[in-house]
Amino acid sequence: MLRVVDRWFSFNDSFDSWVESQSMESYWLPKNIDIAALEPYRSIVFMPAWDADDTTVFFDINSIDRAAKTWMRERNDFLFSLIPTDIRNKLNRVAQTDDEGKFILPDLACLLFSKPKKGRHLEEPYTLADICRHRLIEWEANMPESEEDQQIHFAMRNGICSPYERPWKWDLDDFGLEFNTRAYYIAQEVVQFLGLDPFTVSLSDIEEYHLDMSCVGCFRYWGCIGRVHTRWISIVTHEMHYHDDGDIPMEERWSTR
């Protein structure tokens with residue numbers, strides 16, 4: 001087990017160096033375990049059958065970069081697959097392409113998702129950051145695993161990292177995510193109301209935007225009148241649950257202070 005931990009720290013040092021060289025938002029990057037669980041790293045780091053007397057293993061940053069880009073490409077493909085074709089076509093017009101000419105999912109605030117049948121009152125839609133940071137909240141400990149996966153979890157439970165930080169590739173079929181089309185169009189309206197471009201504004205951009213807004217259109221819902229909203233996502237959630245589509249222009253529903 002000591003060798004596994006030593007090899008893990010060696011990998012993690014190289015991975016941290018790779019992260020420091022990246023300019024994108026931290027939530028948009030894979031976690032260390034996401035890449036360590038891929039071959040060839042999983043065999044080197046986790047498998048006890050890996051034969052090496054020297055526990056000091058060098059992990060090349062360029063190799064990590066290639067693996068991370070492949071991982072992010074698969075993540076983007078998965079999220080793109082959830083988005084309706086008409087919206088995806090619009091996104092492709094503003095999306096950049098990677099080294100292989102594939103569209104990179106733009107980090108836009110308006111891309112919102114949900115999980116069906118949650119049953120929670122006034123649940124906020126999931127942002128891209130929510131999905132990337134907390135993608136494994138509902139993982140069950142008794143999910144079936146391969147022998148290799150069990151070995152990795154054994155190593156994780158013995159000091160490497162939380163067993164709940166399971167790699168994205170292991171969970172694609174268990175997300176239960178769906179694109180929230182209504183939230184997407186409402187978010188676009190909110191962003192435009194703030195004078196921003198929904199096809200360029202990122203999540204970090206809008207979270208830095210100072211908000212102090214109150215709804216003046218909820219005369220049917222007395223508990224909402226005058227309530228101040230300082231988070232853009234709470235405005236989107238409020239619109240989803242209390243306003244009918246297009247019933248009153250947004251500039252007449254909201255006041256800024």
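Above this text sits the structure in question.
Caption draft 1: Representation of the packing of aromatic side chains in the model. Under the criterion given, the structure shown has 9 aromatic pairs. Between Tyr-27 and Trp-28 the ring centres are 6.3 Å apart and the planes differ by 80°, which places this aromatic pair in the edge-to-face class. A cation sits over an aromatic face here: Arg-75 above Trp-28, 4.2 Å from the ring centre.

Caption draft 2: Up close: the packing of helix α5 (residues 85–94) against helix α8 (residues 181–193). Where α5 contacts α8, the two axes come as close as 12 Å, and the packing angle between them is 40°. Relative to α8, the element α5 is oriented oblique. In this structure, α5 crosses over α8, and the sense of that crossing is left-handed. Here α5 contributes Asp-86, Ile-87 and Lys-90 to the contact with α8, which in turn contributes Thr-181, Tyr-184 and Tyr-185. Taken together, the residues of the contact of α5 with α8 sort by class into 3 nonpolar, 1 polar and 2 charged.

Caption draft 3: Looking closely at helix α10 (residues 232–242). Among the 11 residues of α10, 10 are classified as buried, and the element is accordingly described as predominantly covered. Every buried residue belonging to α10 is among Trp-232, Ile-233, Ser-234, Ile-235, Val-236, Thr-237, His-238, Glu-239, Met-240 and Tyr-242, and all of these are buried.

Caption draft 4: Looking closely at the nonpolar core. By size, the foremost hydrophobic cluster in this structure holds 42 residues, and its most contacted members are Ile-83, Leu-105, Leu-111, Phe-113, Trp-232 and Val-236. Looking at this core, the elements with two or more residues in it are α4 (61–82), α5, α6 (128–133), α8, α9 (203–207), β3 (213–215) and α10. Counting residues per element, this core draws most heavily on α8, which supplies 6 residues. If we skip the residues at most four places from it in the chain, Phe-113 touches Leu-79, Leu-82, Pro-125, Tyr-126, Leu-128, Ile-131, Leu-177, Glu-178, Phe-179 and Asn-180. Of all hydrophobic cores here, the second largest spans 21 residues; its members include Val-4, Val-45, Phe-46 and Val-57.

Quick notes on the rules
Every chain is numbered independently, its residues counted from 1 as its sequence is written. The predicted origin of the model limits local features to residues at a pLDDT of at least 70 and limits the giving and counting of side-chain atom pairs to 80 or more, whereas totals for whole chains, interfaces and linings rest on all residues. Side-chain metrics rest on all non-hydrogen atoms present in the structure, leaving aside hydrogens and water. Stacked, tilted and edge-to-face are the three classes applied to pairs of Phe, Tyr and Trp rings, where Trp contributes its six-membered ring and a pair requires centres within 6.5 Å; stacked means planes under 30 degrees apart, edge-to-face means over 60, and tilted covers the rest. Here, over-ring charges are defined by two tests on the NZ atom of lysine or the CZ atom of arginine: distance to the ring centre within 6 Å, and angle to the ring normal within 35 degrees. Helix axes are fitted only over the stretch in contact, all axes being lines through C-alpha atoms; the angle between N-to-C directions runs from 0 to 180 degrees. By definition, any uninterrupted DSSP run of H or I lasting at least four residues is a helix, any uninterrupted run of E lasting at least two residues is a strand, and each is numbered from the N terminus. For classification purposes, angles smaller than 35 degrees are called roughly parallel, those larger than 145 roughly antiparallel, those between 65 and 115 roughly perpendicular, and all remaining angles oblique. Crossing handedness is defined as follows: a turn of the near helix away from the far one that is anticlockwise and smaller than a right angle gives a left-handed crossing, while the clockwise case is right-handed. By the convention used here, residues are in contact when the closest approach between their heavy atoms is within 4.5 Å. Ten residues, namely Ala, Val, Leu, Ile, Met, Phe, Trp, Tyr, Cys and Pro, are considered nonpolar, four, namely Asp, Glu, Lys and Arg, are considered charged, and the remaining ones, Gly among them, are considered polar. The buried label goes to any residue with under 20% of its type's maximum accessible area, the exposed label to any with over 50%, and the partly exposed label to all in between, with areas taken from a 1.4 Å probe on protein chains only. Nonpolar cores were defined as sets of buried Ala, Val, Leu, Ile, Met, Phe, Trp, Tyr and Cys residues, with membership established by side-chain atoms within 4.5 Å.

Any link to function would need more than the numbers given here.
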